[in-house]
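Single-letter residue listing:
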Amino acid sequence: MTSVRRTGLALAVAAALTGLTALSACTTAGSDATSPSQGAGASPSRSAGADGGAGRQDGGADPASVAALKSAERATGAADSARVESTTTMGSLMSMKATGVLSWSDGLTGTLTLTYTGGSVADAMRRLGSTSMEARYLPDAYYARMGDAFAAQAGGRHWLRYAYRDLERLADGAGAQLGDQMRNTAPHHSVKLLLACGDARRVGEERVRGDRATHYRGTVDVAALAPRDSGLDAAELADLKNRLTRAGVTTQTVDVWVDGRGLLVKKAEKAVTSSGELTQTAYYSGYGVDVTTQAPPAADTKDFKDLVGDQGGPGGVS
């Protein structure tokens, strides 16, 4: 394999995996308490101070907010599927938009279109002929359609397949987290994360894309996670803390907006991670939408583990 071909395939692997990580990571934190709540699509109509919804004076969670969020977590989880629109930024590495449908009724399945709009990943994708790709999610693997430029370097095959168990071969252990992260991409896991903050409180009533929703906020301090006021049991908190620690998250702010049916319609997360600041805003609609996702044809698919072998080991895709 020529060095040019090696470089092109490595860029494709890195770009596709960066998109996957950005979508599935337990994102966002930081101390900026204003930027998430003022994102596009939300317009405040009543402040927290107007109705005492800002939480308890001791900094703990507001019990009424915890009860409402538990109900929202159950309702959103039971809805099984939704349409998704999101924007994600990972420092200077990338900015990305994603649109499509996801189901979490039996493992994560769905199809998204990922469009890289900036950063070094967008530059890498541009060199491969396109800054957009289709991503398909199945319970055991993730597929990325890389386009004709990639296919010319990969034996005519357009798709990359990443079996989650094979991702552990990535250098620096970067892929070891992805299986866990994929299982926590469903929207109700953002509500669980907010419950784990321990200071979840109601901000107020706002409009999200024209519809009334209730806004809740909390801040996760990973080192201080404890059962007090979290709404989660000890096992759930231990699992959450482990996942956040592995992702390099130290602090994280979480904002969610819940509609009158108790369904999550928007989330905004901001985190400080070992890779820098990561922000993500996502909108959810069409709960219960039909999601039918199939693996691409095998004859048009290049397997990640074979690509690693082609390049002489995991170092070729780090």
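Before going into details, it helps to say that this report is about the structure given with it. For every chain, the first residue of the written sequence is number 1, and numbering continues from 1 onward in sequence order. For a predicted model such as this one, the threshold for reporting local features is a pLDDT of at least 70, and the threshold for listing and counting side-chain atom pairs is 80 or more; totals across whole chains, interfaces and linings nevertheless cover every residue. The side-chain quantities take in all heavy atoms of the structure and omit both hydrogens and water.

### Some thoughts on the overall build of the protein chain
As a reminder, the rule being used: Each helix is a run of DSSP H or I of at least 4 residues and each strand a run of E of at least 2, with the numbering of both proceeding from the N terminus. Whether a residue is buried, partly exposed or exposed follows from its accessible area with a 1.4 Å probe, protein chains only, as a fraction of its type maximum: under 20%, in between, or over 50%, in that order. With residues, only the protein chains shown are counted as cover, and all accessible areas are computed by Shrake-Rupley using a 1.4 Å probe.
In terms of helices and strands, the protein chain carries nine helices and 13 strands. Put simply, the protein chain has 318 residues, and 54% of those count as buried. Split by element, the accessible area of the protein chain, about 13,100 Å² in all, is 49% carbon and sulfur.

### Some points on the pairing of strand β5 (residues 132–138)
As a reminder of what qualifies: One requirement defines pairing of two strands: DSSP has to find at least two bridges between them.
For β5, a buried count of five out of seven residues is recorded, marking the element as mostly surrounded by other parts of the structure. For β5 and strand β6 (residues 141–145), the ladder comprises five bridges, and the chain directions are antiparallel. Looking at the pairing, Glu-134 lines up with Arg-145 of β6. Where β5 folds back on β6, the antiparallel hairpin that results is connected by two residues.

### Considerations on the pattern of salt bridges
Here is the rule: Any carboxyl oxygen of Asp or Glu that lies within 4 Å of a side-chain nitrogen of Lys or Arg is treated as forming a salt bridge with it.
Applying the stated criterion across every chain, the model contains 10 salt bridges. Across the salt bridge formed by Arg-161 and Asp-140, the nearest N and O atoms sit 3.8 Å from each other. Here the residue Arg-161 occupies a position in strand β7 (residues 159–163), and Asp-140 occupies one in the loop between β5 and β6, the gap between them amounting to 21 residues. What makes Arg-161 buried here is its relative accessible area of 16%. Accessibility expressed as a relative area gives 41% for Asp-140, which makes it partly exposed. Linking Asp-255 and Arg-217 is a salt bridge whose minimum nitrogen-to-oxygen distance equals 2.8 Å. Taken as a pair, Asp-255 in strand β10 (residues 251–258) and Arg-217 in strand β9 (residues 211–221) lie far apart in primary sequence, 38 residues in all. Pair check on accessibility: Asp-255 and Arg-217 agree, each one buried. Taken together, the salt bridges that share partners define one network made up of Asp-140, Arg-161 and Asp-303.

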